[in-house]
Amino acid sequence: MSELPLRGMPCGLVVADADGRILAVNDRLCEVTGRSAEALRGQNVSGLFTVVGRTMYQTYLLPLLRLHGRVEEFAIALRGPDGHGADMLIHACVDTQGPEPRLHLAFVPYRARRAVDDELLRVRRAADRAPGMIFEFEVAPDGAARFPYASDSIRTRYGCTPDQVRADATPLLRQFDAEGRARLLGAQPRSGEELLQHFVTQRVDDEGGTAWHEVHATARRRADGSVSWQGHVADVSARLALQEEASRRHAAEQVRLSQAEFLGRVSHELKTPLNAILAFAQLLASGEPHRLSATQLQHVGLIGSAGGQLLHLVDELIDVSRLQGDGFAVSMAPVALDAVVGRCVALAAPQAGAAGVSLSVSPRVDGLAVVADERRLVQVLANLVSNAIKYNRRGGTVRIRARACGGRVRLTVDDSGRGMTPQQMQALFRPFDRLGAERSEVQGTGLGLVITRQLVERMGGRIEVESEAGVGSRFHVEFAAAAAAATVSRHLPLPLPRLTGERPGDSALPVLYVEDNEVNVVVMEAIVAHCPQVVLHTAGSVQAALRHLAVADPPVLLLIDHRLPDGTGSELLQRLRQDPRLRHVPAYLLTADTAEEAAAAVRAAGFDGVWSKPLDVHHTIAALEAALHWSALQRDDTATMPLQ
Amino acid sequence: MPQTAVRQRFNVTETGVDGPPIVFAHGFGCDQSMWRFVAPAFEATHRVIRFDHIGSGRSDARAHDPHRHATLEGYAEDVAELVGTLGLRDAVFVGHSVSAMIGALASIRCPGRFQRLVLLGPSPRYLNDAPDYVGGFEPADVDGLLEMLERNLVGWADYLAHAVAGAGETAVAAELKTSFCAADPTIIRRFARATFLADNRADLPRVTVPSLIVQMEDDAIAPLVVGDYCHRHLRGSVLKRMPISGHMPHLTHPRETVALIRDYLQCTATP
């Protein structure tokens with residue numbers, strides 16, 4: 001009997017002997033495989049399957065049957081009549097009741113359940129690939145905790161297997177800090193409530209390394225009183241570190257900006273009255289339009305020099321403040337020493353002459369170059385030279401020398417002055433400590449060397465002192481040597497050709513000065529009085545300037561203060577440049593702010609240059625005339641422009 | 001690594017007498033309980049060692065390394081570490097299915113540890129390599145196999161974990177139920193990939209340890225031509241055919257399997 005007497009069953013049935021040889025099959029199985037009962041009898045069961053099905057049968061199904069005696073719901077594939085696979089679920093058992101053991105196999109179509117399985121497998125694959133761990137977590141009423149489900153990354157993230165934590169969550173939970181554990185174990189959602197939890201917990205691994213893990217999950221209460229969570233946990237240490245770093249940098253930047261803003265305002269506030277003091281002192285001393293008596297001239301001279309000292313102190317204080325903060329920038333470039341030394345000597349010449357001290361420069365200075373910030377290098381050298389002259393004697397000497405050695409250049413300023421004792425040298429760079437000179441008639445603040453040393457160090461250089469009391473002192477500053485230097489000195493004005501002859505319309509040149517401080521306006525009016533061809537118009541704010549320009553002829557020169565009550569000078573210029581009549585009018589920014597901020601504003605807004613406050617009367621007059629000539633050249637279509 | 005750690009990691013079972021060591025390595029699909037009917041036969045004469053590959057049976061699944069265990073060489077490293085730590089010398093290595101190849105690779109690493117190899121249903125490569133090499137499987141078959149495995153393993157791990165003990169079931173049977181094939185599904189899937197995508201044909205000529213090849217006449221996983229191929233390329237190999245169907249002679253025909261192994265060891269024993 002090869003066909004089983006059960007016709008019309010919805011599943012395929014097979015009976016085989018212990019060796020797997022088919023004894024009987026039912027009609028349904030014949031239908032699925034396309035073979036008759038007679039043909040199948042005596043064949044091995046393994047021949048019923050596809051290649052894949054046969055492999056599963058021999059590697060998995062048979063051993064399971066041998067050792068367990070039964071198998072249920074095993075997915076397998078029978079070979080159909082055309083060779084294609086028919087997906088089945090197999091239920092099998094070994095029957096040992098009769099004289100000989102028998103294999104009973106039942107094949108049920110695998111369709112509806114397959115759809116569920118397919119979905120499950122898809123979700124599983126996606127969950128296993130996710131970078132964090134997806135989980136279901138459960139706390140029983142008695143407090144026992146486990147993970148009914150944990151995605152595959154539990155292995156790499158927590159060194160546990162899904163099997164392990166399915167029974168007991170402890171191997172994973174003990175890696176979290178007490179707070180995280182308390183959150184997971186202690187949540188008590190109310191009935192019907194979905195408690196959303198989002199927290200970061202610290203996790204300690206086997207080697208004691210710590211990391212931050214972020215849990216996003218929902219907890220709800222089940223009917224049996226247990227609490228069930230579904231969610232996700234990921235290692236966010238890197239992200240947190242980045243965020244922390246970003247906010248730290250932001251905070252530091254805020255501090256730096258507010259420091260810079262504060263110093264800018266302080267500078268402005270201090271230098272505005274100084275502008276009046278120095279300018280008017282100069283104007284009075286110039287003797288125009290009214291000559292003063294000798295005594296009055298002397299008094300005016302004292303006002304001027306006191307104002308100058310005050311200015312010097314203000315500059316030093318601002319420098320010290322900025323050097324202490326983070327915002328002090330130096331722009332390093334190759335700098336030719338001869339230009340720098342030449343400038344210092346020019347600056348110091350009047351002081352040397354007045355003190356009766358001779359200044360000399362060794363010829364070796366020529367041809368040497370260093371990597372430094374040119375402006376600051378001048379400041380450093382000027383300070384050293386000034387000190388060398390101040391603390392000297394009538395008929396004494398100050399020598400400036402330079403020497404190259406092994407990739408560095410050493411500048412030396414030595415003097416035949418009073419020198420210093422070892423104790424005094426120790427205190428040399430202490431702020432405001434003037435080493436006894438405060439009891440002399442020599443002027444000074446005691447800040448100069450402090451600033452000098454900080455500037456030298458900011459430029460990557462070194463400063464050294466040698467001194468002998470009663471003989472003299474020697475200051476060395478050393479910088480990296482530069483291969484070559486192209487110096488474009490920003491301090492020397494570009495020489496402009498002077499116009500010869502009269503030109504129609506050369507008188508009554510309108511110049512607009514935008515400035516809100518009345519004293520500064522008065523100063524400028526007094527200065528401009530020396531340029532009879534200029535007519536000065538003023539406006540006290542951005543709005544006032546715009547109103548003026550809406551009705552007046554366009555000026556030939558714009559002088560704009562950096563700080564106006566309703567905006568910045570840069571903002572005003574940007575608006576003015578949108579007017580085609582004003583697009584090419586030369587514009588200068590007037591500011592008491594430091595050079596760096598001013599330079600940035602100039603570049604951004606399209607000014608042609610910067611005038612620093614407090615204004616020096618003579619420089620301002622010269623600059624005004626140069627600017628007017630430049631403006632005239634621009635307006636003159638027929639003139640050629642040889643620019644040096 | 002000390003012995004206790006290794007024993008735990010591979011769930012080593014040691015029985016028998018203080019004699020020449022014989023190591024039983026289960027094949028793809030289950031664990032050392034497969035040797036239940038064969039290994040005890042050698043306990044009177046040998047030191048019998050059984051173990052579980054990482055991810056199978058009750059080995060420490062946490063020792064699974066996705067990179068190391070991506071190829072059979074990683075499993076061979078495990079075996080070399082195991083025999084080295086246990087201090088085995090002149091061992092007989094009995095490997096079934098993929099463990100036959102794993103044993104062969106281990107013997108290349110440390111030939112001094114092994115005296116003889118017994119290879120049940122070996123194959124150096126399962127994929128066909130036209131026109132000359134027949135491994136028995138096409139790439140689509142391997143894909144289908146991995147998919148079917150995944151389908152079954154997902155269900156099985158749960159089923160076995162919650163299997164209710166049948167009436168009258170002995171402790172032995174109950175213990176078998178929970179340990180057998182209750183493997184880690186993810187690791188088994190990777191083991192299957194490593195097995196079915198391996199190509200160790202070039203390693204066969206490098207094996208210096210003499211071997212017995214046991215070939216089943218109707219074996220879907222290691223067909224006759226593959227056994228012949230192994231015999232041709234393994235130096236000092238002996239080929240014995242079993243007139244049975246299936247891939248698990250140690251389960252389906254344990255007596256015959258024991259006899260084959262015993263005969264081989266006695267005949268080739270050094271005088």
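Residues numbered from 1 in each chain as written. Chains lettered and ligands numbered in written order. Predicted model: local features only at pLDDT ≥ 70, side-chain atom pairs only at ≥ 80, totals over all residues. Heavy atoms only, no water.

Participant: In this structure, what is going on with the overall build of chain A? I would like to understand it.
Facilitator: Helix and strand content of chain A: 19 helices and 24 strands. Here chain A, with 644 residues, has 44% of them falling under the buried criterion. Taking as baseline every contact in chain A between residues at least 6 positions apart, the subset at least 24 positions apart corresponds to 60%. (Helix = DSSP H or I, 4+ residues; strand = E, 2+ residues; numbered from the N terminus. Buried < 20%, exposed > 50% of the residue type's maximum accessible area, 1.4 Å probe, protein only. Contact = heavy atoms within 4.5 Å.)

Participant: Please explain the overall build of chain B as it appears in this structure.
Facilitator: Within chain B one finds 9 helices and 7 strands. Across the 271 residues that make up chain B, the buried fraction comes to 58%. Considering only intrachain contacts with a sequence separation of at least 6, the fraction spanning at least 24 residues in chain B is 75%. Summed over all atoms, the accessible surface of chain B reaches about 10,500 Å², with 53% contributed by carbon and sulfur. (Areas by Shrake-Rupley, 256 points an atom, 1.4 Å probe, with all protein chains shown as cover.)

Participant: What should I look at first to understand the sheet that holds strand β7 (residues 237-245) of chain B in this one?
Facilitator: Pairing between sheet strands relies on hydrogen bonds along the backbone, with the strands arranged either parallel or antiparallel. Residue and element names in this part refer to chain B. Read across the open sheet, the 7 strands follow the order β1-β3-β2-β4-β5-β6-β7; overall the sheet is mixed. Of all the strands in the sheet, the pair left with one neighbour each is β1 (13-16) and β7. Neighbour to neighbour, the strand axes of the sheet diverge by 20 degrees on average, direction disregarded. As paired elements, strand β2 (residues 21-25) and strand β4 (residues 91-96) share 4 bridges and run parallel to each other. Paired with F24 across the two strands is V94, which belongs to β4. Of the strands in this sheet, β2, β4, β5 (114-120), β6 (211-218) and β7 touch helix α9 (residues 254-267), which is tilted by about 150 degrees from β5. (Pairing = 2+ DSSP bridges. Axes fitted to C-alpha atoms, helices over the stretch in contact; angles between N-to-C directions.)

Participant: What is the right way to look at the pattern of salt bridges in this model?
Facilitator: If charged atoms from side chains of opposite charge come close, those side chains can pair. Scanning the entire structure with this criterion turns up 51 salt bridges over all chains. Note that R151(B) is salt-bridged to D118(A), the shortest N-O span being 2.7 Å. Pair noted here: R151(B) is in helix α4 (residues 139-161) and D118(A) is in helix α4 (residues 112-129), and the two residues belong to different chains. Residue D118(A) is classed as partly exposed on the basis of its relative accessible area of 24%. R68(B) is the salt-bridge partner of E77(B), the closest N and O atoms lying 3.0 Å from each other. Here R68(B) falls in the partly exposed class, since its relative accessible area comes to 24%. (Salt bridge = Lys/Arg side-chain N within 4 Å of Asp/Glu carboxyl O.)

Participant: Is there a simple way to explain a negative patch on the surface in this structure?
Facilitator: Residue and element names in this part refer to chain A. A cluster of acidic side chains, namely D516, E518, D566 and E571, defines a negative patch on the protein surface. Mapping E518 onto the fold places it in helix α15 (residues 518-528). The exposed category is assigned to E518, whose relative accessible area is 65%. (Patch = residues over 30% accessible without salt bridge, like charges linked within 9 Å, V, L, I, M, F, W, Y side chains within 5 Å. Lys, Arg positive; Asp, Glu negative; His and termini not counted. Charge placed at Lys NZ, Arg CZ, Asp CG, Glu CD.)

Participant: Where do I start with helix α9 (residues 237-285) of chain A in this structure?
Facilitator: Residues separated by three or four positions in an α-helix point in the same direction, a consequence of the helix having 3.6 residues per turn. End to end, α9(A) covers 70 Å across 49 residues, agreeing with the expected 72 Å (1.5 Å per residue, within 8%). Once α9(A) finishes, G287(A) follows within two positions and takes phi at roughly 80 degrees, a positive value. (Expected span 1.5 Å × (residues − 1).)

Participant: I tried to follow the packing of aromatic side chains on my own but got confused; where do I start?
Facilitator: Each aromatic ring pair is characterised by the separation of its centres together with the angle its planes make. This model, assessed by the stated rule, comprises 16 aromatic pairs over all chains. With centroids separated by 6.3 Å and ring planes inclined at 65 degrees, the aromatic side chains of F137(A) and W229(A) adopt a geometry described as edge-to-face. Taken together, the residues span a long stretch of sequence, with F137(A) in strand β6 (residues 133-139) and W229(A) in strand β10 (residues 227-235) at a distance of 92 residues. By relative accessible area, which is 0% here, F137(A) ends up buried. Judged by relative accessible area, W229(A) falls into the buried class, the value being 0%. Measuring from ring centre to ring centre gives 6.1 Å for F24(B) and F42(B), while their planes differ by 50 degrees; the resulting arrangement is tilted. With F24(B) in strand β2 and F42(B) in the loop between β2 and β3 (47-51), this residue pair connects regions lying 18 residues apart in the sequence. F42(B) shares its class with F24(B); the two are buried. Members of the aromatic cluster, connected to one another through ring pairs, are F135(A), F137(A), F147(A) and W229(A). A cation sits over an aromatic face here: R201(B) above Y133(B), 4.8 Å from the ring centre. For R262(B), the ring lying beneath its charged end belongs to F42(B), and the centroid distance is 5.7 Å. (Phe/Tyr/Trp six-rings, centres within 6.5 Å; stacked < 30°, edge-to-face > 60°. Lys NZ or Arg CZ within 6 Å of the ring centre and 35° of its normal.)

Participant: Which parts of the structure should I look at to understand helix α17 (residues 569-576) of chain A?
Facilitator: Within α17(A), burial applies to G569(A), S570(A), L572(A), L573(A) and L576(A). In a view along the axis of α17(A), the buried residues occupy a sector of 160 degrees, so they form one face of it. (Arc of directions from axis to C-beta.)

Participant: What's the story with the interface of chain A and chain B in this structure? I'm lost.
Facilitator: One frequently used descriptor of interface size is the decrease in accessible area upon assembly of the parts. Every contact between the two is made by 39 residues of chain A and, on the other side, 45 residues of chain B. Summing the contributions of chain A and of chain B, the shared interface buries around 3,700 Å²; its carbon and sulfur component is 62%. If you look at where chain A meets chain B, you find 3 salt bridges. With a shortest N-O distance of 3.9 Å, R114(A) and E147(B) are connected by a salt bridge. Contributing elements (two or more residues each) for the side of chain A that touches chain B: α3 (51-68), β3 (70-79), α4 and α6 (162-167) of chain A. For the side of chain A that touches chain B, the leading source of residues is α3(A), giving 13 residues. (Buried area = accessible area lost by both parts, 1.4 Å probe.)

Participant: Whenever I open this one, the layout of surface pockets confuses me. Can you help?
Facilitator: If a probe as big as a water molecule is rolled over the atoms, it shows which places are left empty. In this structure, the second largest pocket encloses a volume near 730 Å³. Sorting the residues of the lining of the second largest pocket by element identifies α4 and α5 (154-158) of chain A together with α2 (72-85), α4 and α6 (185-196) of chain B as the ones contributing at least two each. Ranked by the residues each element gives to the lining of the second largest pocket, the list is headed by α6(B), at 5 residues. (1 Å grid on protein atoms, 1.4 Å probe; cavity = no way out; pocket = protein on both sides within 12 Å on 5 of 7 lines; lining within 4 Å. Points joined across faces, edges and corners; volume = space filled by probe spheres on them.)

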